[in-house]
Amino acid sequence: MRRGRARSSSIHSRPDRAAEAFIAQAASVLLHLPAPEGLPHAQDVLPPGLRAFACYVQAHAVYLAGDYAQSLGIAQTVLMTQEDVYPIPSIYLHLIAVMDFMSLRETERAREHLRAAWELARPDDLIQAFGEHHGLLGGMLEAELKPRWPEDFKRIIAITYRFSSS
């Protein structure tokens, strides 16, 4: 009986609830599932890197709703206010900014964010996000990466195919 109580209290601890909220929010947005009700905001207690990724998920949800300016605002605010650079969430935030700027028909500003994402990604070969977002980037990968990094571009397209088929 004690075992059940201990498990019950740990399941409902604030960090556990935040993790649950983060996973539910990410699944809801990225897998296009209905959002569960009653969960706390993940951003309230997550560590900074995960908080930045949770903000990317929120910006992606707003993008999918068609409010590109608000989505862009979320991404740019997080990118500007991070005390440290967290490469993976920062790459995703830059890519959502590319998507927003392309939707707002501001190609040059989109290009700046793509280049910033690529500068973060290249040293550690963090190209997964580019493959996941390929179709939403409005031809930016073909324009910016394919001519200068054709082998990386081919690998990104392979990721796109794997991502699309799952």
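Residues numbered from 1 in each chain as written. Predicted model: local features only at pLDDT ≥ 70, side-chain atom pairs only at ≥ 80, totals over all residues. Heavy atoms only, no water.

Caption draft 1: Up close: unusual backbone geometry. Even without glycine at this site, Arg105 takes up a positive phi of about 60°. With respect to the secondary-structure elements, Arg105 resides in the loop between helix 5 (87-103) and helix 6 (107-121). Note on Arg105: relative accessible area 72%, which makes it exposed. Phi is positive for Asp125, which is not a glycine, with a value near 60°. (Helix = DSSP H or I, 4+ residues; strand = E, 2+ residues; numbered from the N terminus. Buried < 20%, exposed > 50% of the residue type's maximum accessible area, 1.4 Å probe, protein only.)

Caption draft 2: Here's a closer look at helix 6. The end-to-end C-alpha distance of helix 6 is 21 Å, a good match for the 21 Å that 15 residues give at a rise of 1.5 Å each. Taken together, the buried positions of helix 6 are Ala110, Arg111, His113, Leu114, Ala117, Trp118 and Ala121. For helix 6, the angular spread of the buried residues around the axis is 165°, confining them to a single face. In this structure, the buried residues of helix 6 make contact with helix 4 (68-81), helix 5, helix 7 (128-133), helix 8 (140-145) and helix 9 (150-165). (Expected span 1.5 Å × (residues − 1). Arc of directions from axis to C-beta. Contact = heavy atoms within 4.5 Å.)

Caption draft 3: Spatial organisation of the side chain of Gln82. On the secondary structure map, Gln82 appears in the loop between helix 4 and helix 5. The residues touching Gln82, leaving out its near neighbours within four places in the chain, are Ala52 and Ser90.

Caption draft 4: Summary view of the pattern of salt bridges. If you walk through the whole model with that rule in mind, you get 7 salt bridges. When the shortest N-O distance is used, the salt bridge between Lys154 and Glu151 registers 3.3 Å. Of the two residues, Lys154 and Glu151 both sit in helix 9, 3 residues apart, roughly one turn of that helix. Assessed through its relative accessible area of 51%, Lys154 is described here as exposed. Through salt bridges with shared partners, a single ionic network connects Glu108, Arg111, Arg115 and Glu144. (Salt bridge = Lys/Arg side-chain N within 4 Å of Asp/Glu carboxyl O.)

Caption draft 5: The arrangement of the packing of helix 3 (residues 48-64) against helix 5 in detail. The interhelical angle for the contact between helix 3 and helix 5, taken along N-to-C directions, is 20°, at an axis separation of 9 Å. Judged by the angle between their axes, helix 3 and helix 5 are roughly parallel. In this structure, the crossing between helix 3 and helix 5 has a hand that is left-handed. Between helix 3 and helix 5, the residues in contact are Gly49, Ala52, Phe53, Cys55, Tyr56, Ala59, His60 and Tyr63 and Pro89, Tyr92, Leu93, Ile96, Met99, Asp100 and Ser103, respectively. Considering only residue class, the contact of helix 3 with helix 5 consists of 11 nonpolar, 3 polar and 1 charged. (Axes fitted to C-alpha atoms, helices over the stretch in contact; angles between N-to-C directions. Parallel < 35°, antiparallel > 145°, perpendicular 65-115°, else oblique. Left-handed = near helix turned anticlockwise from the far one by under 90°. Nonpolar A, V, L, I, M, F, W, Y, C, P; charged D, E, K, R; others polar.)

Caption draft 6: Examining the packing of helix 3 against helix 4 more closely. The interhelical angle for the contact between helix 3 and helix 4, taken along N-to-C directions, is 170°, at an axis separation of 8 Å. Considered as vectors, helix 3 and helix 4 are oriented roughly antiparallel to each other. When helix 3 is examined against helix 4, the residues Ala52, Cys55, Gln58, Ala59, Val62 and Tyr63 are found in contact with a partner set consisting of Tyr68, Gln70, Ser71, Ile74, Ala75 and Val78.

Caption draft 7: Structural context of the nonpolar core. The biggest cluster of nonpolar side chains holds 40 residues, and the ones touching the most others in it are Leu95, Trp118, Phe130 and Leu141. Elements with a contribution of two residues or more to this core: helix 3, helix 4, helix 5, helix 6, helix 7, helix 8 and helix 9. Looking at this core, the element that brings in the most residues is helix 5, giving 10 residues. Those residues in contact with Leu141, other than ones at most four positions away along the chain, are Leu114, Phe130, His134, Lys146, Phe153 and Ile156. (Core = buried A, V, L, I, M, F, W, Y, C linked by side-chain atoms within 4.5 Å.)

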